[in-house]
Structure formats: C-alpha cells, structure tokens
Amino acid sequence: MSLDEAARQLKMAGHDAQVAFDCIGLGDLERAQEHAVTLRAAADAAEVALSRALKDMTPEEARAEGERAIKSLEDA
C-alpha cells in the first residue's frame, strides 16, 4: 500500500466519524454504529499502509510521496 492509500483511508475514516457523530445527534444509533465500524476499518487500513511506508521509505521519499498523495486527494 502507498501513502495515497493511507491518505484516502484516513479521509474516509474522518468522513465516517462525522456521519456517526451526526447520527448520534439524530438518535439513529444503528447507523451511527455502522459508520463507527467502517471508520475503524478505514483507520486500520491506513495504519497498515503507514507501517509499511515506515519500513520501505526514507524520510525524503515519504515527504515527497506524502505531498503528492495529499495534492491528489485535494484535486479529486
């Protein structure tokens, strides 16, 4: 997995966290739980990608790929 994938997964986790939060406020606990589960899966996937990047990349490579990953998400 790449930093692109880690960034994408973290963005999805953030979205699911916000939806779960909103669902709690609406009293829709089943939907809140569903989004809590999916945010956890996305966060776990991001952690796997980041662990791999720590092993495979130099700090310079990580900086360059990280900048590219964030720009790619912003452009999408």
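Above this note sits the structure.
These remarks concern the structure in this document. This is a predicted model, so every value here is computed, not measured.

**Some points on the environment of Phe 21**
When you line up the elements, Phe 21 lands in helix H1 (residues 3–26). Between the C-alpha atom of Phe 21 and that of Gln 33, which follows or precedes it by 12 residues, the distance is 9.8 Å.

**With respect to helix H2 (residues 29–56)**
Here H2 spans 40 Å end to end across 28 residues, near enough to the 40 Å set by a 1.5 Å rise per residue. All of the buried residues along H2 are Ala 32, His 35, Ala 42, Ala 45, Ala 46, Ala 49 and Ala 53. The inward-facing, buried residues of H2 abut H1.

**Considering the pattern of salt bridges**
Side chains that differ in charge, positive against negative, can pair when their charged atoms come close. One pass over the full model with this rule turns up five salt bridges. As a salt-bridge pair, Arg 68 and Asp 4 come within 3.0 Å of each other at their nearest N and O atoms. With a gap of 64 residues between them, Arg 68 in helix H3 (residues 59–75) and Asp 4 in helix H1 connect regions that are remote in the sequence. Arg 52 is the salt-bridge partner of Asp 56, the closest N and O atoms lying 2.8 Å from each other. Linking Asp 56 with Arg 52, this pair stays in helix H2, spanning four residues, or about one helical turn. Given a relative accessible area of 45%, Arg 52 falls into the partly exposed group.

**Description of the packing of H1 against H2**
Helix packing geometry: the angle between the two helix axes and the distance between the axes. The geometry of H1 relative to H2 is characterised by a closest axis approach of 8 Å and an angle of 160° between their N-to-C directions. Considered as vectors, H1 and H2 are oriented roughly antiparallel to each other. Between H1 and H2 lies a crossing of left-handed hand.

Conventions used here
Chains are numbered independently. Their residues run from 1 in the order of the written sequence. Reporting in this predicted model follows two pLDDT cut-offs: at least 70 for local features of residues, and 80 or more for side-chain atom pairs to be given and counted; totals over whole chains, interfaces and linings ignore these cut-offs and use all residues. The side-chain values count all of the structure's non-hydrogen atoms but skip hydrogen atoms and water molecules. Secondary structure elements follow DSSP: runs of H or I of four or more residues count as helices, runs of E of two or more count as strands, with numbering from the N terminus. One fewer than the residue count of a helix, multiplied by 1.5 Å, yields its expected span. Throughout this description, buried means an accessible area under 20% of the type-specific maximum (1.4 Å probe, protein chains only), exposed means over 50%, and partly exposed covers the range between. Between two residues, a contact is recorded if the distance between any of their heavy atoms is within 4.5 Å. By salt bridge we mean one thing: a side-chain nitrogen of Lys or Arg within 4 Å of a carboxyl oxygen of Asp or Glu. The angle between two axes is taken between their N-to-C directions and runs from 0 to 180 degrees, where each axis is a line fitted to C-alpha atoms and a helix contributes only its stretch in contact. Roughly parallel means an angle under 35 degrees; roughly antiparallel, over 145; roughly perpendicular, 65 to 115; everything else is oblique. The crossing is said to be left-handed when, going from far helix to near helix, the turn is anticlockwise and less than a right angle, and right-handed when the turn is clockwise.

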